[in-house]
Amino acid sequence: MMIIKRPLESVVVIDRQGDMGVFDTMNDAIESAHIAQKEYSKYNISKREEIIESFKNELRNHIEELSMMTYNETGMGRYEDKILKNKLALDKTPGVEDLNIIDSEGNNNGSFYELAPFGVIGAIAPSTNPTETIINNSISMLASGNTVVFSPHPGAKKVSSYTVQLINSAIIKAGGPKNLVVTIKEPSTNNTNIMLKHEKVIMICATGGQNIVKIALSSGKKTIGAGAGNPPVIVDETADIEKAAKDIIDGCSFDNNLPCIAEKEIIVINKVANDLKKHMSKNLALEIKDKEILKRLERLLITKNGTLNKKYVGKNADYIMNSVGVKIDSNIKVIFVEVDKNHLFAQKELMMPILPLIRVLNIDEAIKVAVELEHGNKHTAIMHSRSSENLNKFTQAIDTTIFVKNAPSYAGIGYGTKCTSTFTIAGPTGEGLTTAKTFARKKKCVYADSIAN
Ligand code: NAD
């Protein structure tokens, strides 16, 4: 009896303490992050910067490992692109420099705004960017003085836990508090619901599909909702077609189309459509013209209920084609098919290197179709054009959070540009590209000498 008792007691202790930020229960994870936040709230900006730099430096030694673990665990995407995405999250997520004391109404008026932490943030992360979201959110949320409880996707639980452990051990090594970033061993819907309801979780940040954003928004807490996209790319007759074709294939094939910002359908003006297709083919894209093969693809990728067959999300083009009995070169990056706008491949967010192409007669029709296919997600749109009039017309009509002109979609999250990066793009709730400031409360401080007599 004694022998049984001891291990049971020790399990409870281990549970409460967590294993470098990984807890058995959501309640313990939240309580620990709450205690840690009280300590962390005493840290000034430069101490917070030290903490963030400590785990960024450590994670830089694990980029390849995390990318391979993600690839193996989720079975989605491309290892080499995951390396780029993790680097992007580490190197280009703004930290404490994003925060500054804001003068409220001009200089010397006797008041200023301070950006304060919310407390414990509950962050829901997707399977498509599990480590990138944890890295990006941790930098932003810790920069503004919060602690964070991650509820990762069950399909990426091992790599998510490992990332949290690496972050914790680096912070502790640097002399910081434990449990600034925590998670749970077994993520589940139930655990997410506990987090959404817990009184010590002050803010929710949901990165994922429309369903989880809706659920998070009904939590009654301040919620940042970063939901699905279905980014259309328009190519008009003024575009540099050769460049447009290369950019589209580069963006669409990035991590096998998993990123929410990736090109999901092309809308091209008829006059330049054949030219575009020719140049896409030169960039390792393959057109499927055979109606029977298209039918087989439809049956494979869309279930009888009209939902996406998740088994093929993020898979290589040759794997997908093989599954419909067609052998293609393994270096083919993208399969494209000419369809009309009502085709489910265009209407749905496929997250596969399968790119529907829709021909239209003119720019007005192109914009109308693109707006319809974006479904009001307010996420991302791309356009290849040399006409500022057309570019302006489209950006105004589609009103997305990210609008990329004459570049691959990933330019929108900073890859290949001088821009900063984020992996949480809050379209539905309007915060847009989240940074440290998104996770800070604005407090006003008024000096006595500003009070009018
Ligand atoms: P998903 O919606 O299936 O899962 C996202 C997260 O929500 C996971 O942690 C999952 O466990 C949780 N979740 C889902 N349904 C839940 C439920 N009923 N109750 C509790 N938790 C639930 O998405 P995914 O397949 O992991 O990721 C892809 C989706 O995320 C795409 O739609 C993509 O566009 C979107 N996404 C958006 C952004 C952005 O910044 N806007 C970034 C990345 C991904």
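In the nomenclature of an unreviewed UniProt entry, the chain is known as Ethanolamine utilization protein EutE of Clostridium saccharobutylicum DSM 13864.

Student: What am I meant to see in the sheet that holds strand E9 (residues 232–235) here?
Tutor: Think of a sheet as strands paired side by side through backbone hydrogen bonds, with each pair either parallel or antiparallel. The seven strands are arranged E11-E12-E13-E10-E9-E14-E15 in an open sheet whose pairing can be described as parallel. Since the sheet does not close on itself, it has two edges, and those belong to strand E11 (285–287) and strand E15 (402–405), each with one partner. Going across the sheet, the axis of each strand differs from the next one's by a mean of 25°, ignoring polarity. When strand E12 (residues 334–338) meets strand E13 (residues 354–360), the two strands line up parallel, connected through four bridges. Note on E13: the bridge partner recorded for Phe336 is Leu355.

Student: Would you explain the site of the ligand in this entry?
Tutor: As a matter of local geometry, the ligand sits amid 29 residues, with Ala125, Ser127, Gly227, Glu349 and Ile425 nearest to it. A distance of 2.8 Å separates a nitrogen atom of the ligand from a polar backbone atom of Gly227. At a separation of 3.5 Å, an oxygen atom of the ligand approaches a polar backbone atom of Gly229. Surface burial for the ligand is 88%, taken as the share of its 840 Å² of free accessible area covered by protein chains. Of all elements in the fold, only helix H8 (189–197) and helix H9 (210–217) reach the threshold of two or more residues within the shell around the ligand. By residue number, the principal contributor to the shell around the ligand is H9, which donates three residues. Among the residues making up the shell around the ligand, the classes are represented as 13 nonpolar, 15 polar and one charged. The residues that make up the shell around the ligand include at least three from each of domain 1 (8–227 + 431–446) and domain 2 (232–419).

Student: Would you mind going over the nonpolar core with me for this structure?
Tutor: Within soluble globular proteins, side chains that are nonpolar tend to cluster in buried spots. Leu142, Ile266, Leu276 and Met280 are the most contacted members of the largest nonpolar core, which totals 120 residues. A domain split of this core shows at least three residues from each of domain 1 (8–227 + 431–446) and domain 2 (232–419). What Ile266 contacts, discounting residues up to four positions off in sequence, is Val233, Val235, Ile248, Leu276, Met280, Leu355, Pro356, Leu357 and Ile358.

Student: Could you clarify how one ought to interpret the sheet that holds strand E5 (residues 147–151) in this entry?
Tutor: Strands sit in the order E1-E6-E5-E4-E7-E8 across an open sheet of six strands; the sheet is parallel. The sheet terminates laterally at strand E1 (22–23) and strand E8 (222–226), the two strands that pair on one side only. With five bridges joining them, strand E4 (residues 120–124) and strand E7 (residues 201–207) adopt parallel strand pairing. Counted as the bridge partner of Ala123 is Cys205 from E7. Packed on one face of the sheet, helix H6 (residues 130–143) meets E4, E5, strand E6 (181–184) and E7 and runs near 155° to E5. Against the sheet, helix H7 (residues 157–173) makes contact with E1, E5 and E6, and its axis sits at roughly 150° relative to E6, the strand it touches most.

Student: What is the right way to look at the environment of Asn257 in this model?
Tutor: Positionally, Asn257 belongs in the loop between helix H10 (241–253) and strand E10 (265–269). Sequence separation of Asn257 and Ile354 is 97 residues, and the distance between their C-alpha atoms is 8.4 Å. When residues no more than four places from it in sequence are discounted, the contact partners of Asn257 are Cys252, Ala262, Glu263, Lys264, Met351, Met352 and Pro353.

Student: Would you explain the packing of aromatic side chains in this entry?
Tutor: In this description, an aromatic ring pair is defined by two values, namely the gap between the centres and the angle between the planes. For the structure shown, the criterion picks out six aromatic pairs. A centroid spacing of 6.0 Å and a plane angle of 40° characterise the contact between Tyr312 and Tyr319, whose relative ring orientation is tilted. Judged by relative accessible area, which is 5%, Tyr312 ranks as buried. Residue Tyr319 is classed as partly exposed on the basis of its relative accessible area, which comes to 38%. Grouped by ring-pair contacts, the aromatic residues Phe254, Tyr410 and Tyr415 constitute a single cluster. The ring of Tyr319 has Lys315 lying over it, and the distance from NZ or CZ to the ring centre is 5.7 Å. Directly above the aromatic system of Tyr113 lies the positively charged group of Lys442, at a separation of 4.3 Å from the ring centroid.

Student: Could you clarify how one ought to interpret the packing of helix H5 (residues 79–92) against H6 in this entry?
Tutor: For any two helices packed against each other, one specifies the crossing angle of their axes together with the interaxial distance. Interaxial distance between H5 and H6 falls to 8 Å at its minimum, and their mutual angle equals 5°. One element, H5, and the other, H6, form an angle in the roughly parallel class. The segment H5 lies against H6, with Lys82, Lys85, Asn86, Ala89 and Leu90 engaging Thr131, Glu132, Ile135, Asn136 and Ile139. A class-by-class count of the residues in the contact of H5 with H6 yields four nonpolar, three polar and three charged.

Student: Quick question: what am I supposed to make of the environment of Thr74 here?
Tutor: Tracing the backbone through its elements, the reader meets Thr74 in helix H4 (residues 63–74). Residues in contact with Thr74, not counting those within four places in the same chain, are Ser127, Gly155 and Ala156. At 2.7 Å, the side chain of Thr74 and the backbone oxygen of Thr70 are in polar contact.

Student: Would you mind going over the domain arrangement of the chain with me for this structure?
Tutor: Often the size quoted for an interface is simply the accessible area lost on bringing the parts together. Each assigned domain of the chain is listed with its residue range as follows: domain 1 (8–227 + 431–446) and domain 2 (232–419). Averaged C-alpha coordinates put domain 1 and domain 2 at centres separated by 32 Å. Taken together, the 15 residues of domain 1 in the interface contact 23 residues of domain 2. A combined buried area of about 1,500 Å² lies between domain 1 and domain 2, and 54% of that area is made up of carbon and sulfur atoms. Along the contact surface separating domain 1 from domain 2 lie two salt bridges. With its nearest N and O atoms 2.7 Å apart, the salt bridge here joins Asp255 to Lys85. Linking domain 1 to domain 2 there are 11 residue pairs in polar contact (both at pLDDT 80 or more). Put simply, the parts of the chain that give the side of domain 1 that touches domain 2 at least two residues each are H5 and strand E17 (432–433). Across the side of domain 1 that touches domain 2, the residue classes break down as four nonpolar, six polar and five charged.

Calculation notes
- Sequence positions are assigned chain by chain, starting from 1 and proceeding in written order.
- Selection of residues for local features in this predicted model requires a pLDDT of at least 70, selection of side-chain atom pairs for listing and counting requires 80 or more, and totals for whole chains, interfaces and linings are taken over all residues.
- Where side-chain values are given, they derive from all heavy atoms of the structure, hydrogens and water being excluded.
- The pairing criterion for strands is at least two bridges between them, as found by DSSP.
- The numbering of helices and of strands both runs from the N terminus, where a helix is a DSSP run of H or I of at least 4 residues and a strand a run of E of at least 2.
- Throughout, an axis means a line fitted to C-alpha atoms (over the contacting stretch in the case of helices), and angles, computed between N-to-C directions, take values from 0 to 180 degrees.
- Near residues are defined by distance, with any heavy atom within 4 Å of the molecule or strand qualifying the residue.
- Counted as a polar contact is a pair of N or O atoms within 3.5 Å, where, for protein atoms, one must be capable of donating a hydrogen and the other of accepting one, and residues adjacent in sequence contribute only when both atoms are in side chains.
- Every accessible area reported is derived by Shrake-Rupley at a probe size of 1.4 Å, with residue values counting cover from the shown protein chains alone.
- Under the scheme applied, nonpolar residues are Ala, Val, Leu, Ile, Met, Phe, Trp, Tyr, Cys and Pro; charged residues are Asp, Glu, Lys and Arg; polar residues are all the others, including Gly.
- Segment limits for the domains were obtained from an automatic or database-derived domain assignment.
- Put simply, a nonpolar core is a bunch of buried Ala, Val, Leu, Ile, Met, Phe, Trp, Tyr and Cys residues held in one set by side-chain atoms that sit within 4.5 Å of each other.
- We call a residue buried when its accessible area falls under 20% of the maximum for its residue type, exposed when it is over 50%, and partly exposed in between, using a 1.4 Å probe and counting protein chains only.
- Contacts are assigned to residue pairs that have any heavy atoms within 4.5 Å of one another.
- Only the six-membered ring of Trp is used, alongside the rings of Phe and Tyr, when aromatic pairs are assigned; centres must lie within 6.5 Å, and planes under 30 degrees apart are stacked while those over 60 apart are edge-to-face, with the rest tilted.
- The criterion is that NZ of a Lys, or CZ of an Arg, lies within 6 Å of the ring centre and within 35 degrees of the ring normal, and then a charge sits over that ring.
- Should an angle fall under 35 degrees it is taken as roughly parallel, and over 145 as roughly antiparallel, whereas 65 to 115 is taken as roughly perpendicular and any remaining angle as oblique.
- Each of two parts loses accessible area, computed with a 1.4 Å probe, when they are put together; buried area is these two losses added.
- Salt bridges are identified by distance alone: a Lys or Arg side-chain nitrogen within 4 Å of an Asp or Glu carboxyl oxygen.

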